[in-house]
Amino acid sequence: MARTMNFNAGPAALPLAALERAKQELIDFAGSGMSVMEHSHRGKDYEKVHDEAIALLRELLGIGDSHEVLFLQGGASQLFAQIPMNLLEKGATADYVVTGAWGEKALSEAKLVAGLYGAQTHVACTTGTGEGKEKSYVRAPLPAEVKPAAGAAYLHVTSNETIHGVEFEVDPARPFPSAPGVPLVVDMSSDFLWRKLDVSRFGLVYAGAQKNIGPSGLVAVIVSKELVAKGRKDIPKIFQLRTHAENKSLYNTPPTFSVYMMRNVLAWLKEQGGLAAIEKRNREKAGKLYAVIDANAGFYRCPVERQSRSVMNVVFRLPTEAQEEALVAEAKKRGMVGLKGHRSVGGIRVSTYNAVEPAWVDALCELMKEFVKKAG
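Criteria and thresholds
Sequence order as written defines residue numbering, which begins from 1 separately in each chain. In keeping with the model being predicted, local features are shown solely for residues with a pLDDT of at least 70 and side-chain atom pairs are shown and tallied solely at 80 or more, while totals for entire chains, interfaces and linings include all residues. Values reported for side chains reflect all heavy atoms of the structure, with hydrogen atoms and water molecules removed beforehand. Helix and strand assignments come from DSSP, with helices taken as H or I runs of at least 4 residues and strands as E runs of at least 2, each series counted from the N terminus. Working definition: with a 1.4 Å probe on protein chains only, accessible area under 20% of the residue-type maximum means buried, over 50% means exposed, and in between means partly exposed. Pairing between strands requires that DSSP locate at least two bridges from one strand to the other. In this analysis, rings of Phe, Tyr and Trp, with Trp reduced to its six-membered ring, are considered paired at centre separations within 6.5 Å, and the interplanar angle assigns stacked below 30 degrees, edge-to-face beyond 60, and tilted for intermediate values. Grouping into patches uses exposed residues only, defined as over 30% relative accessible area, and leaves out salt-bridged ones; the cut-off is 9 Å for like charges and 5 Å for nonpolar side chains (Val, Leu, Ile, Met, Phe, Trp, Tyr). Working definition of accessibility: Shrake-Rupley area with a 1.4 Å probe, residue cover restricted to the visible protein chains. The term salt bridge refers to a side-chain nitrogen of Lys or Arg lying within 4 Å of a carboxyl oxygen of Asp or Glu. Lines fitted to the C-alpha atoms define the axes, with helices restricted to the stretch that makes contact. Angles between their N-to-C directions range from 0 to 180 degrees. Throughout, the term roughly parallel applies to angles under 35 degrees, roughly antiparallel to angles over 145, roughly perpendicular to angles from 65 to 115, and oblique to all others. In this description, contact between two residues means that some pair of their heavy atoms is separated by no more than 4.5 Å. Residue polarity follows a fixed list, in which Ala, Val, Leu, Ile, Met, Phe, Trp, Tyr, Cys and Pro are nonpolar, Asp, Glu, Lys and Arg are charged, and the others, Gly among them, are polar. To estimate how far a helix should extend, the number of its residues minus one is multiplied by 1.5 Å. Cysteine sulfur atoms that pair up within 2.5 Å are treated as a disulfide.

Undergrad: Got a minute to help me understand the side chain of Arg232 in this structure?
TA: As for its position among the elements, Arg232 is in the loop between helix 5 (225–230) and helix 6 (241–246). By relative accessible area, which is 11% here, Arg232 ends up buried.

Here it is in C-alpha cells:
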C-alpha cells in the first residue's frame, strides 16, 4: 500500500521500521506463541522489553544515576496535576512560564492543586497578548523577562507549544528560564528527543509519547532522585512519583504495548545515528518549510517570531480561510493528512516529528509553491 504522508500533531507518525517490527512480532513475540500484549507485565519476556526501553532512553539522552526514568499513564495532562501534587507544600509557590495553550492548561491544574494545599502559583512570565479568542502567542520570552518568585518549589516551562508553534530554541541568547536553586520542570511532549539535551540541568522532564516517541497511552518522565525523595507522602500512592520509581514503573500494569512500541521507536532512533543525526534531519525539514513561507511572504504568513519558530510544529496562514481549506483538500488528494491547524487558532499546522520523512516535506513544499502560482 502507499504510505500516507502523516503530518498529524498527535497521535502522530511512527517510523515505518518500528511498525514493521511490530507487525512481524504481533502474533508471536520472541517465539513465545503469544503477542506482547498478552504477556504478563511481571513476566521475563515483557520485562526485557521494559528494561530495554529504559536503557535506550538513558543511552540516547545520556541520563546519569542522578535521575529516574519513569513510564506513567494519563499523559502530560495528568502530569499537569501530578507534579504540583508531589512537589507543593503548604505555603509554597510554584512558578510558571506560559507561552501557549498547554502552558495555560498546566497552570490551571496547578492552581487547583495549590488551592487544596494552601499553596500558590505565580506566573513568572507570559508572552500572551490579547484576550479570549483574540489571545495569541508568538514568541518565547527572553531570560530577562522571566521574574521567578523567591524560593519557588519549581519553575515550570513548556518547551514547545504544539498549537501555537512556539518553541524555546535554547541557544545562548534564549535558554530555558531558570532560577538559582529552583528545580526546572519542563513539558517536552511535542519536542522530546528531536535534539540533544543535558538532562542534568532539569529537575523533571515529561513527555506524552504520542507526538514524537511512540503511540498514545504513555508518558515518559525523567526526574531527579532528589525531587522524588522530596515528594509528598500524603497523596494516593498511585500518584506519588516515588511509588513508580521504587517499582521501576511496574507498580500497576503499565500500557505494555505502548512501552513495546516506544522501545521500537527508540531502537530506530539509535539506528539513525542518535540525537545528533535526527536533529540535523529535523532542522533540514523545518528549514525547507520556512524557506517556502518566507520566500512567498505575500501569500504565506508565519505568525511566530523567527527566533521562536518551532522545528516540530510549523504553523502559518494563507490570505483567506477558504484558501487554507483548499490547500488542505488538495494535500489530502495527494496523500497528505493532518495539516489543518488546531481549532482554537485555525490556519495550517505541519508537524515534522522525527518519523516524518524528508520526502513528505519535499512533496508538501512543492504543493505550497504550486498554490502560490495558482493564486497569481
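And the narrative resumes.
Undergrad: Explain the pairing of strand 2 (residues 67–72) here, please?
TA: Two faces, one strand: in a regular strand the side chains alternate between the faces of the sheet. The element strand 2 is largely enclosed, with a buried count of six among its six residues. Burial along strand 2 is two-sided: the face carrying His67, Val69 and Phe71 and the face carrying Glu68, Leu70 and Leu72 are both buried. The pairing of strand 2 with strand 10 (residues 219–224) spans six bridges and is antiparallel. Its bridge partner being in strand 10, Leu70 is matched across the sheet by Val221.

Undergrad: For this particular structure, what's the right way to read the packing of aromatic side chains?
TA: The geometry of two aromatic rings is summed up by the distance between their centres and the angle between their planes. Under the counting rule described, the total for this entry stands at 10 aromatic pairs. Aromatic pair Phe168 and Phe176: ring centres 5.5 Å apart, planes at 40 degrees, arrangement tilted. Under the relative-accessibility criterion, Phe168 is labelled buried at 1%. Put simply, the rings of Phe29, Phe257 and Tyr260 touch in pairs and so form one group of aromatic residues.

Undergrad: Sorry if this is basic, but what is going on with the pairing of strand 10 here?
TA: Extensive coverage of strand 10 is indicated by the burial of six of its six residues. Alternating positions in strand 10 separate into two faces, Val219, Val221 and Val223 on one and Ala220, Ile222 and Ser224 on the other, with burial throughout. In this structure, strand 9 (residues 204–208) lies alongside strand 10, joined through five bridges in antiparallel fashion. Looking at the pairing, Ala207 lines up with Ala220 of strand 10.

Undergrad: Would you mind going over a nonpolar patch on the surface with me for this structure?
TA: Taken together, the side chains of Leu26, Ile27 and Met37 present a nonpolar region at the surface, about 310 Å² in accessible area. Residue position: Leu26 is located in the loop between helix 1 (16–25) and helix 2 (44–61).

Undergrad: Even after reading the chapter, I still don't get the sheet that holds strand 10, so can you show me in this structure?
TA: Strand pairing in a sheet takes place through backbone hydrogen bonds and is either antiparallel or parallel in direction. The mixed open sheet is built from seven strands, whose spatial order is 2-10-9-8-5-3-4. Every interior strand has two partners, whereas the edge strands, strand 2 and strand 4 (120–126), have only one. In this sheet, neighbouring strand axes are inclined to one another by 20 degrees on average, regardless of whether the strands run parallel or antiparallel.

Undergrad: Looking at this structure, I do not really get the packing of helix 7 (residues 256–271) against helix 8 (residues 274–295). What am I missing?
TA: A pair of packed helices is captured by two measures, namely the crossing angle of their axes and the spacing between those axes. Contact geometry for helix 7 and helix 8: axes closest at 7 Å, N-to-C directions at 85 degrees. Between helix 7 and helix 8, the interaxial angle falls into the category roughly perpendicular. On helix 8, the residues touching Trp268, Leu269 and Lys270 of helix 7 are Gly274, Leu275, Ile278 and Arg281. Its residues placed into classes, the contact of helix 7 with helix 8 shows four nonpolar, one polar and two charged.

Undergrad: Can you help me understand helix 10 (residues 358–375) in this one?
TA: Residues spaced three or four apart along an α-helix face the same direction, because each turn holds 3.6 residues. Taking 1.5 Å as the rise per residue, helix 10 with 18 residues should run 26 Å; its terminal C-alpha atoms sit 26 Å apart, in good agreement. Here the buried face of helix 10 lies against strand 1 (5–6), helix 8, strand 11 (313–316), helix 9 (321–333), strand 12 (336–337) and strand 13 (348–351). Immediately downstream of helix 10, the backbone of Gly376 shows phi near 80 degrees, a positive value.

Undergrad: It is not clear to me how unusual backbone geometry should be interpreted in this structure. Could you clarify?
TA: A negative phi angle characterises most non-glycine residues, just as the trans form characterises most peptide bonds. Gly10 connects to Pro11 through a cis peptide bond whose omega is -5 degrees. Checked against the element boundaries, Pro11 lands in the loop between strand 1 and helix 1. At Ala30, a position not held by glycine, the phi torsion is positive, near 55 degrees. Relative to the helices and strands, Ala30 is located in the loop between helix 1 and helix 2.

Undergrad: Just to check I follow, could you spell out the state of the cysteines for this structure?
TA: Simply put, the disulfide is a covalent bond whose two ends are the sulfur atoms of two cysteines. Tallied over the entire structure, the rule returns zero disulfides. Cys125 carries a free sulfur, and the closest cysteine sulfur to it, the one in Cys302, is 20 Å from it. We note that Cys302 lacks a disulfide partner, and the nearest cysteine sulfur, in Cys365, lies 13 Å from it.

Undergrad: Would you take a moment to explain the pattern of salt bridges for this structure?
TA: In total, this model carries 22 salt bridges according to the counting rule given. Residue Glu279 pairs with Arg283 through a salt bridge whose shortest N-O separation is 3.0 Å. Of the two residues, Glu279 and Arg283 both sit in helix 8, four residues apart, roughly one turn of that helix. Notably, a salt bridge pairs Arg306 with Asp294, separated by 3.0 Å at the nearest N-O pair. With Arg306 in the loop between helix 8 and strand 11 and Asp294 in helix 8, the pair connects residues that are 12 residues apart, well separated along the chain. You can call Arg306 exposed: its relative accessible area is 59%. In this structure, a network of salt bridges that share partners links the residues Glu25, Glu52 and Arg263.

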